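# An overview of the molecular structure
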Amino acid sequence: MSANTNAQIRWKFLSQSLRARKRCSNPADATACQISARNFCGFDLLRKTKETINGDEWMKIAVPHRGSVQSRPNSLALPEVNGHSGCQTDDSPPEKQLYLKCSPAMTTSDIFGFDNTGNICIWPAEEILAFYCLLHWEEFSGARICELGGGMTCLAANMVAATSETSHVILTDGNAKCVQNCEEIVKRNKSLGLYSAENICVRCLRWDALEDYQDLMHSVDLVIAADCIFVEKFHQALVRCIYDLLNDKGYALLFSPRRGTALQSFIQAASSEFIVQVMEKYDDMVSDRHRLYCNTNNTYIPDLHYPLLIKLHKTTASP
Ligand SMILES: C[S@@+](CC[C@H](N)C(=O)[O-])C[C@H]1O[C@@H](n2cnc3c(N)ncnc32)[C@H](O)[C@@H]1O
């Protein structure tokens with residue numbers, strides 16, 4: 001595929017998002033829509049508020065107390081949906097707030113440079129990955145976790161670092177602006193003492209550049225990624241990178257919408273190295289909202305917005 005064609009794919013992706021930003025006019029959704037510049041504003045699984053700090057727009061995400069997540073997985077502090085709220089009780093300890101800086105300015109050269117889709121918004125798959133990590137925080141205790149293609153916030157990796165006693169959380173993206181934004185996010189949250197992870201770091205990691213991750217070879221217990229398979233040209237590199245990062249017992253959790261034939265083609269590529277499990281239903285609350293949006297929200301396009309869960313386990317030990 002030529003560089004020109006890749007730029008065209010990304011431009012289509014970006015221009016759809018920019019057009020969607022104009023149509024997203026419900027004042028009640030203003031915060032989510034500015035941050036998630038698309039027609040469909042996400043699954044509303046995390047409670048968000050906005051704060052301006054030194055002229056920059058930050059989003060604050062409520063991090064439910066661990067006990068409440070563990071004992072009542074369907075009772076996370078969620079916004080109301082159809083009059084039904086799953087809020088914490090009054091005696092719950094105060095929630096922590098995860099700070100995410102949201103709007104790196106873009107120039108035309110950004111659009112034609114390295115993939116910039118991560119600088120547009122937090123995509124629905126990232127929100128679902130973060131939500132899934134919240135529900136499963138106990139699984140990550142002591143683990144070394146790496147998020148690939150985390151975009152401008154690496155929301156899911158940040159959520160893991162805020163809620164789990166992991167040994168390492170490594171936030172990555174191949175886009176320098178995303179990496180710079182994530183560095184600011186980690187600096188702020190570290191200064192606020194938000195993380196329970198022992199070590200958290202941010203780095204530029206391109207899936208097709210072995211030198212970006214050679215020092216991490218076979219050292220990671222869990223790779224996570226959201227909405228990273230839409231450019232088929234990178235499927236082989238992404239599969240290779242996940243394989244190289246994981247230790248023999250490691251596994252990967254990816255969330256991605258189907259996006260036409262992209263998911264199917266990724267599954268095919270991944271099957272050469274991994275046992276691949278694909279799940280359409282992985283959480284009752286997400287399934288409920290999916291059904292609700294299918295019936296009531298004409299901006300919701302499951303092929304673009306409903307993420308499937310893809311689990312990858314190694315079929316053979318690393319050489
Ligand atoms: C659609 S965005 C998803 C961002 C984020 N995970 C989310 O769902 O909000 C795809 C991300 O993958 C990153 N990416 C694309 N190709 C890459 C590559 N070859 N190496 C590393 N990152 C890449 C982009 O920079 C972008 O942040």
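Residues numbered from 1 in each chain as written. Predicted model: local features only at pLDDT ≥ 70, side-chain atom pairs only at ≥ 80, totals over all residues. Heavy atoms only, no water.

### Looking at the sheet that holds strand 3 (residues 96–101)
Spatial ordering of the open sheet is given by 1-2-3, a layout of three strands whose pairing is antiparallel. Each having just a single partner strand, strand 1 (48–53) and strand 3 make up the two edges of the open sheet. Strand-to-strand twist in this sheet, taken as the mean axis angle between neighbours without regard to direction, amounts to 35°. Judged from the six bridges that link them, strand 2 (residues 56–63) and strand 3 form a sheet pairing that is antiparallel. (Pairing = 2+ DSSP bridges. Helix = DSSP H or I, 4+ residues; strand = E, 2+ residues; numbered from the N terminus. Axes fitted to C-alpha atoms, helices over the stretch in contact; angles between N-to-C directions.)

### As for the pairing of strand 2
In terms of residue burial, strand 2 counts as a mostly covered element, since six of its eight residues are buried. The sheet contact formed by strand 1 and strand 2 spans six bridges and is antiparallel. Its bridge partner lying in strand 2, lysine 50 is registered against methionine 59. (Buried < 20%, exposed > 50% of the residue type's maximum accessible area, 1.4 Å probe, protein only.)

### Focus: the nonpolar core
Core analysis: the biggest nonpolar cluster contains 93 residues, and Leu148 and Ile242 have the highest contact counts within it. With near-sequence residues (within four places) excluded, leucine 148 lies in contact with Thr172, Leu205, Trp207, Val223, Ile224, Ala225, Cys228, Leu238, Cys241, Ile242 and Leu245. (Core = buried A, V, L, I, M, F, W, Y, C linked by side-chain atoms within 4.5 Å. Contact = heavy atoms within 4.5 Å.)

### Side note on the packing of aromatic side chains
On inspection of all chains with the given rule, the structure shows 13 aromatic pairs. Arranged with centres 5.9 Å apart and planes meeting at 90°, the rings of phenylalanine 43 and tyrosine 300 form a pair that is edge-to-face. With phenylalanine 43 in the loop between helix 2 (30–35) and strand 1 and tyrosine 300 in the loop between helix 10 (284–296) and helix 11 (302–305), this residue pair connects regions lying 257 residues apart in the sequence. Residue tyrosine 300 is classed as buried on the basis of its relative accessible area, which comes to 6%. (Phe/Tyr/Trp six-rings, centres within 6.5 Å; stacked < 30°, edge-to-face > 60°.)

### Some points on helix 6 (residues 155–163)
Owing to its 3.6 residues per turn, the α-helix aligns residues three or four sequence positions apart on the same side. For helix 6, a buried count of nine out of nine residues is recorded, marking the element as mostly surrounded by other parts of the structure. Among all positions of helix 6, only Leu155, Ala156, Ala157, Asn158, Met159, Val160, Ala161, Ala162 and Thr163 are buried.

### Remarks on the environment of asparagine 297
In this structure, asparagine 297 sits in the loop between helix 10 and helix 11. Separated by 257 residues in the primary sequence, asparagine 297 and phenylalanine 40 have C-alpha atoms spaced 8.4 Å apart. Look past the residues within four positions of asparagine 297 in its chain and what remains in contact with it is Phe40 and Leu292.

### Quick look at helix 7 (residues 176–191)
A rise of 1.5 Å per residue sets the reference length of helix 7, with its 16 residues, at 22 Å; its end C-alpha atoms lie 23 Å apart and thus fit the reference within 8%. Listed in full, the buried residues belonging to helix 7 are Cys178, Val179, Asn181, Cys182, Ile185, Val186 and Asn189. The buried residues of helix 7 occupy one face: seen down the axis, they fall within an arc of 160°. Every exposed residue of helix 7 that faces more than 90 degrees away from the buried side is listed here: Ala176, Lys187 and Ser191. Against the buried residues of helix 7 lie strand 2, strand 3, helix 6, strand 5 (168–173) and strand 6 (199–204). For helix 7, the N-terminal cap is asparagine 175; the gap from its side-chain oxygen to the backbone nitrogen of lysine 177 is 2.8 Å. (Expected span 1.5 Å × (residues − 1). Arc of directions from axis to C-beta. Polar contact = N/O pair within 3.5 Å; in protein donor to acceptor, adjacent residues only side chain to side chain.)

### So, the site of the ligand
Lining the immediate surroundings of the ligand are 23 residues, of which Trp123, Glu126, Gly149, Asp173 and Ala226 lie closest. Contact between the ligand and glycine 149: a nitrogen atom at 2.8 Å from a main-chain N or O atom of the residue. Here a nitrogen atom of the ligand sits 2.9 Å away from a polar atom, N or O, in the main chain of alanine 226. For the ligand, whose free accessible area comes to 590 Å², the fraction covered by protein is 99%. Residues belonging to the shell around the ligand are distributed by class as follows: ten nonpolar, seven polar and six charged. (Near = heavy atom within 4 Å. Areas by Shrake-Rupley, 256 points an atom, 1.4 Å probe, with all protein chains shown as cover. Nonpolar A, V, L, I, M, F, W, Y, C, P; charged D, E, K, R; others polar.)

### Brief notes about the environment of lysine 177
Tracing the sequence through the fold places lysine 177 in helix 7. On the accessibility criterion, lysine 177 (26% relative accessible area) is partly exposed. Along the backbone, lysine 177 and phenylalanine 114 are 63 residues apart, and their C-alpha atoms lie at a distance of 9.9 Å.

### A closer look at the pattern of salt bridges
Opposite charge on two side chains lets them pair, provided their charged atoms get close. The tally for this structure, following the rule as stated, stands at ten salt bridges. Each of the salt bridges in this network shares a partner with another, and the network as a whole consists of Arg240, Asp244 and Glu273. (Salt bridge = Lys/Arg side-chain N within 4 Å of Asp/Glu carboxyl O.)

Shape descriptors only; they carry no functional weight alone.
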